[in-house]
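Structural overview for review
Below are the chains, spelled out letter by letter.
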Amino acid sequence: MGNLNVAVLGAKDLADKIGKKGTVTDVTFFEAKRGGDSVTLVEPTKHPEKLSSLFFSVCMSEFAILVVEKMDSSLGESIVMADLFKIRRGWIVLRNYIQREQLSPLIAGTALEGYDFIEEDPVKMREALLDVAQKEARAPGPGTCGSCPVDSHFNVKGVGTVVLGSVMDGHFRKHDKMQVFPLKREVVLKSIQKHDIDADDGVKGDHVGLALRGIESDELDRGYVLTTDPSVKTTRKVAGKAELIKYWPSPLKEGMVLHMGHWMQIVPCRITGVDNGGDFRAPSLVIEMESDVIHKPGDIGVLMYLEGGKLRIVGSIGLE
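Residues numbered from 1 in each chain as written. Predicted model: local features only at pLDDT ≥ 70, side-chain atom pairs only at ≥ 80, totals over all residues. Heavy atoms only, no water.

Within the largest apolar cluster, 58 residues are counted, with the highest numbers of intra-cluster contacts made by Met260 and Leu303. For this core, the element with the highest residue contribution is helix α2 (residues 51-59), accounting for six residues. Membership of the second largest hydrophobic core comes to 20 residues, among which are Val6, Ala15, Met125 and Leu129. (Core = buried A, V, L, I, M, F, W, Y, C linked by side-chain atoms within 4.5 Å. Buried < 20%, exposed > 50% of the residue type's maximum accessible area, 1.4 Å probe, protein only. Helix = DSSP H or I, 4+ residues; strand = E, 2+ residues; numbered from the N terminus.)

Printed below as a string of structure tokens:
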């Protein structure tokens, strides 16, 4: 049984022609199934108004469909975000008589450079995505060591607390004991569902519903993380080398307020130290967060400047 998570960027009228509409927040999920294989399409419904909508959609995905309706800042943000997450598999759909030659300079040297340009045929796209999903079948390895950030949570009568999210790393199994970060509370994973079907495990890439024992829904929040991975930690201060996107126009300054995104979190932060050296797009930064960022050592945090007008994506920094 394979699953593929697909970010559908640049259009709000394509995903619903490929899959069946599911959960709606600032991102909307659509599902396509064939036998035991499935595709989860993730649409950043509130983008470009909310950059977080784009961030969460791309963060959850391994494949992207970029729909190009016009050459604007929203398209630029979609390209930059997919490139930051190194989503190298995907398709490009051109609309409104936009030519391939117009887009090519924008994706040159990015993760999107190898995307296929395809015709907009939702039926063929659905089948082709399911073919990819069939090849994505992943089985859990020995032991258990995986993480699932909380996208949404609620109480179900007769079931209890249920969390929806995508498995970002590793795998876990039904009946596992899991830690809830940042609460550091132990809970028991009562059951797992994938696309409304009971399952024994959750593996990286799966979009899952998890029933929990040991915590109430109102104790949770979006961005919290359920994990069996002992390396998961929380951080409020980061010091290290950042990589700014090539379009970022000016050096970062001490005192500047940014936001850091990781998994399903976007946390306000402030630059408390900066050394731009000889290249302001590769500065050494000290950043202090307003609240805990939950991550594994070696993960990457995405830096955003939400007051930045047309350009709101700054770059990335390693999380130790």
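Now that the structure has been shown, the text picks up again.
Now for the sheet that holds strand β22 (residues 299-304). With respect to topology, six strands assemble into a closed barrel ordered β18-β21-β20-β19-β22-β23, the strand pairing being antiparallel. Each strand axis lies, on average, 40 degrees off the axis of its neighbour in the sheet, ignoring direction. Taken together, the three bridges between strand β18 (residues 233-244) and strand β23 (residues 313-319) define a ladder with antiparallel strand orientation. When the sheet's bridge partners are listed, Leu244 is paired in β23 with Gly315. Lying on the sheet, helix α3 (residues 73-84) is in contact with β22 and β23; it crosses β23 at an angle near 10 degrees. (Pairing = 2+ DSSP bridges. Axes fitted to C-alpha atoms, helices over the stretch in contact; angles between N-to-C directions. Contact = heavy atoms within 4.5 Å.)

What the seven strands build is an open sheet, ordered β2-β3-β4-β1-β5-β6-β7; its pairing is mixed. Edge positions in the sheet fall to β2 (20-24) and β7 (116-117), since each has one partner strand and no second. Where strand β6 (residues 90-94) and β7 come together, two bridges link them in parallel fashion. When the sheet's bridge partners are listed, Ile92 is paired in β7 with Phe117. Together, β1 (3-9) and β4 (37-43) form the strand contacts of α2, whose direction differs from that of β1 by roughly 155 degrees.

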